[in-house]
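Notes for the structure review
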Amino acid sequence: DRAIKIAPSILSADFANFGQECQAIEAQGADWVHVDVMDGHFVPNITFGPATCKAIRPHIKGVMDVHLMISPVDSYIEAFAAAGSDFITAHVEAGPHIHRTLQAIRGAGAKAGLALNPGTPAEAAAMLLDDVDLICVMTVNPGFGGQKFIHSQVEKVRTLRAMIGDRPIHIEIDGGVDPVTAPLVAAAGADVLVAGSAVFRGGSVSDPAPYGENIRAI
Ligand code: DX5
Ligand code: ZN
């Protein structure tokens with residue numbers, strides 16, 4: 001039985017209080033902190049960059065899991081690694097040289113993640129299994145929190161888990177994770193569940209108990 005990790009996405013946190021929000025979700029039982037970087041080019045939304053990651057790093061005791069929804073990506077890897085990212089995840093769709101990107105992430109001292117959009121088949125990861133520490137299966141189209149889970153992706157998770165075999169690779173689910181969809185992806189072989197709206201709803205830094213209740217409900 002695989003231990004399931006919950007990685008709240010601070011995309012649903014109070015952007016004026018990232019430090020306190022990170023402390024609050026860890027105190028409430030978060031395993032990892034998921035950090036969504038968007039550039040308004042690869043995805044139709046803009047969040048923040050490496051300076052913000054560096055600023056929140058001291059407020060996270062555990063794993064800082066940085067999801068790059070940016071293109072180009074290679075020229076920014078060094079900065080995100082220097083910001084203290086434990087995992088840096090790049091999209092296979094973000095450029096022609098994903099293998100180089102994954103090598104650059106490991107070369108910079110971080111663990112390498114590969115993200116697959118909903119329209120990208122599991123086979124896109126087949127040639128990269130020795131170069132990744134994590135595969136992120138997007139269960140929404142990236143860009144925004146609070147979207148509906150895309151059920152066709154559950155089969156992709158099952159396919160990836162079989163492809164991975166006994167390699168030490170995490171399968172992370174990102175998008176629309178809640179108490180209804182979490183058991184489906186966990187049963188299919190996922191072990192890291194990102195959740196934004198389902199964790200942060202009903203709580204705040206001054207009233208963080210709902211974060212804990214929400215995490216335990218997933
Ligand atoms: C989507 C982001 C996700 C998102 C998840 O582009 O990568 O991490 O914040 O949010 P929910 O859990 O609300 O779908
Ligand atoms: Zn994400």
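Cut-offs used in this document
Residues numbered from 1 in each chain as written. Chains lettered and ligands numbered in written order. Predicted model: local features only at pLDDT ≥ 70, side-chain atom pairs only at ≥ 80, totals over all residues. UniProt positions renumbered as here; feature names shortened; annotations may be inferred. Helix = DSSP H or I, 4+ residues; strand = E, 2+ residues; numbered from the N terminus. Buried ≥ 20, exposed ≤ 12 C-beta atoms within 10 Å, placed from the backbone. Contact = placed C-beta atoms within 7 Å. Near = placed C-beta within 6 Å. Nonpolar A, V, L, I, M, F, W, Y, C, P; charged D, E, K, R; others polar. Pairing = 2+ DSSP bridges. Right-handed = clockwise from strand over helix to strand, strands pointing away. Core = buried A, V, L, I, M, F, W, Y, C linked by C-beta atoms within 7 Å. Expected span 1.5 Å × (residues − 1). Arc of directions from axis to C-beta.

For the chain, an unreviewed UniProt entry supplies the name Ribulose-phosphate 3-epimerase and the organism Paracoccus cavernae. Of the chain, the UniProt comment under Function (unreviewed entry) reads exactly: "Catalyzes the reversible epimerization of D-ribulose 5-phosphate to D-xylulose 5-phosphate." UniProt, in the comment section headed Sequence similarities (unreviewed entry), describes the chain in these words: "Belongs to the ribulose-phosphate 3-epimerase family."

This part covers the environment of Ala104. As for its placement among the helices and strands, Ala104 is situated in helix α4 (residues 98-107). C-beta crowding within 10 Å serves as the criterion here: with 20 such atoms nearby, Ala104 is assigned to the buried category. For Ala104 and Pro208, which are 104 residues apart along the polypeptide, the C-alpha to C-alpha distance reads 37 Å. Aside from chain neighbours lying at most four places away, what touches Ala104 is Asp74 and Ile77.

Taken together, 21 residues form the shell around ligand 1, and within it Leu11, Pro142, Gly145, Gly196 and Ser197 come nearest. Residues of the shell around ligand 1, tallied by class, amount to seven nonpolar, 12 polar and two charged.

For the rest of this paragraph, the subject is the pairing of strand β6 (residues 134-138). Across the five residues of β6, five count as buried, placing the element largely inside the fold. Across five bridges, the pairing between β6 and strand β7 (residues 170-174) is parallel. Across the sheet, the residue bridging to Leu134 is His170, located in β7. In the classification by handedness, the crossover that spans β6, the intervening helix α5 (residues 153-164) and the parallel β7 is right-handed.

Of all hydrophobic cores here, the largest spans 69 residues; its most connected members are Val33, Ile88, Leu114, Ile135 and Leu193. With residues near it in sequence (within four places) discarded, Ile135 still touches Leu114, Leu116, Ala125, Leu160, Ile169, Ile171 and Glu172.

Further remarks concern α5. Three- or four-residue spacings in an α-helix give side chains the same orientation, since the helix completes a turn every 3.6 residues. Relative to the 16 Å expected for 12 residues at 1.5 Å per residue, α5 spans 16 Å between its end C-alpha atoms, a close match to the ideal helical length. Here α5 has its buried residues at Gln153, Val154, Lys156, Val157 and Leu160. The arc enclosing the buried residues of α5, seen along the axis, measures out at 155°, which places them on a common side. Facing away from the buried surface of α5 by more than 90 degrees, the exposed residues are Glu155 and Ala162.

For the rest of this paragraph, the subject is the pairing of strand β5 (residues 111-116). Judged by how many residues are buried, β5 sits mostly within the fold: five of six residues are covered. Where strand β4 (residues 87-91) meets β5, five bridges bridge the pair, whose relative direction is parallel. Looking across to β5, one finds that Thr89 is bridged to Gly113. For the handedness criterion, the β-α-β arrangement of β4, α4 and β5 is classed as right-handed.

As recorded in UniProt, the feature "binding site: a divalent metal cation" (unreviewed entry) lies at His34, Asp36, His67 and Asp174. Sequence-wise these annotated residues cover 141 residues; spatially they are packed, their C-alpha atoms never more than 10.4 Å apart. Here His34 shows up in strand β2 (residues 32-38). What makes His34 buried here is the crowd of 28 C-beta atoms within 10 Å. In this structure, His34 is in contact with Ala7, Pro8, Ser9, Asp65, His67 and Val194, ignoring residues within four places of it in sequence. Mapped onto the secondary structure, His67 falls in strand β3 (residues 63-69). On the basis of neighbour counts, which here come to 27 C-beta atoms within 10 Å, the residue His67 falls in the buried class.

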